Amino acid sequence: MTMPDAGRSFAEDAPVFVISVAAELAGMHAQTLRQYDRLGLVSPGRTPGGGRRYSPRDVALLREVQRLSQEDGVNLAGIKRIIELESRVEALQTRVAELLDELELAETRRIAAESAVSAAYRRDLVPRTSSSALVVWRPGGHA
């Protein structure tokens, strides 16, 4: 079997392999890939005619399913749960990275806004001190 040209590169999620090629790359029978698709373990892309197209990521996932099953003795329901949890972790890690970027941007903006406050205005600010004294103020200066 020939692999894609070394000079050509595919996106990790690009559905480029027909089922027979994906099965060979994963070291499985095509019927196993169909079963995994029915069970929702590995869901390949589809052509307009309904044919399965596997991405390099799908092939790697097929290999991981096989490893978990054969080497670790995990049943297919357990493997499905592991895949779902890993997917959720990946999504959460992506969201955390987005939030950290937003936080960094907000901090940069806060620092810029703080720097923009004029020096004269800063002199007018009086630090608040803690005191238990009660001061009564009456307009007109009459005490």
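An unreviewed UniProt entry annotates the protein chain as Heat-shock protein HspR originating from Modestobacter versicolor.

A short note on the confidence of the model for the protein chain
Summary statistics for the protein chain give a mean pLDDT of 86 and a share of 83% for residues scoring 70 or more. A low-confidence stretch, residues 1-7 (pLDDT under 50), is modelled with six contacts involving residues beyond four sequence positions or located in other chains.

Looking at helix 3 (residues 56-70)
Between its terminal C-alpha atoms helix 3 stretches 21 Å, which fits the 21 Å expected from 15 residues at 1.5 Å a residue. Those residues of helix 3 that sit buried are Asp58, Val59, Leu62, Val65, Gln66 and Leu68. On its buried face, helix 3 sits against helix 1 (19-26), helix 2 (30-39), strand 1 (45-46), strand 2 (52-53) and helix 4 (76-116).

Quick look at helix 4
In this model helix 4 runs 60 Å from its N-terminal to its C-terminal C-alpha over 41 residues, within 8% of the 60 Å that 1.5 Å per residue would give. The N-terminus of helix 4 is capped by Asn75, whose side-chain oxygen sits 3.3 Å from the backbone nitrogen of Ala77.

A few points about the environment of Ala22
As for its placement among the helices and strands, Ala22 is situated in helix 1. In this structure the C-alpha to C-alpha distance between Ala22 and Arg53, which are 31 residues apart in sequence, comes to 8.3 Å. Those residues in contact with Ala22 that sit more than four places away from it in its chain are Phe17, Leu33, Tyr54 and Val59.

Quick word on a nonpolar patch on the surface
Together, Val96, Leu100 and Leu103 give the surface a local cluster of nonpolar side chains, amounting to about 290 Å² of exposed area. Inspection of the secondary structure assignment puts Val96 in helix 4.

Observations concerning the packing of helix 3 against helix 4
As a packed pair, helix 3 and helix 4 sit with axes 10 Å apart at the nearest point and diverge in direction by 135°. Considered as vectors, helix 3 and helix 4 are oriented oblique to each other. Pair helix 3 / helix 4 crosses with right-handed handedness. When helix 3 is examined against helix 4, the residues Arg57, Leu61, Val65, Leu68 and Ser69 are found in contact with a partner set consisting of Ile79, Ile82, Ile83 and Glu90.

Thresholds applied
Residues numbered from 1 in each chain as written. Predicted model: local features only at pLDDT ≥ 70, side-chain atom pairs only at ≥ 80, totals over all residues. Heavy atoms only, no water. pLDDT = per-residue confidence, 0-100. Contact = heavy atoms within 4.5 Å. Helix = DSSP H or I, 4+ residues; strand = E, 2+ residues; numbered from the N terminus. Expected span 1.5 Å × (residues − 1). Buried < 20%, exposed > 50% of the residue type's maximum accessible area, 1.4 Å probe, protein only. Polar contact = N/O pair within 3.5 Å; in protein donor to acceptor, adjacent residues only side chain to side chain. Patch = residues over 30% accessible without salt bridge, like charges linked within 9 Å, V, L, I, M, F, W, Y side chains within 5 Å. Areas by Shrake-Rupley, 256 points an atom, 1.4 Å probe, with all protein chains shown as cover. Salt bridge = Lys/Arg side-chain N within 4 Å of Asp/Glu carboxyl O. Axes fitted to C-alpha atoms, helices over the stretch in contact; angles between N-to-C directions. Parallel < 35°, antiparallel > 145°, perpendicular 65-115°, else oblique. Left-handed = near helix turned anticlockwise from the far one by under 90°.

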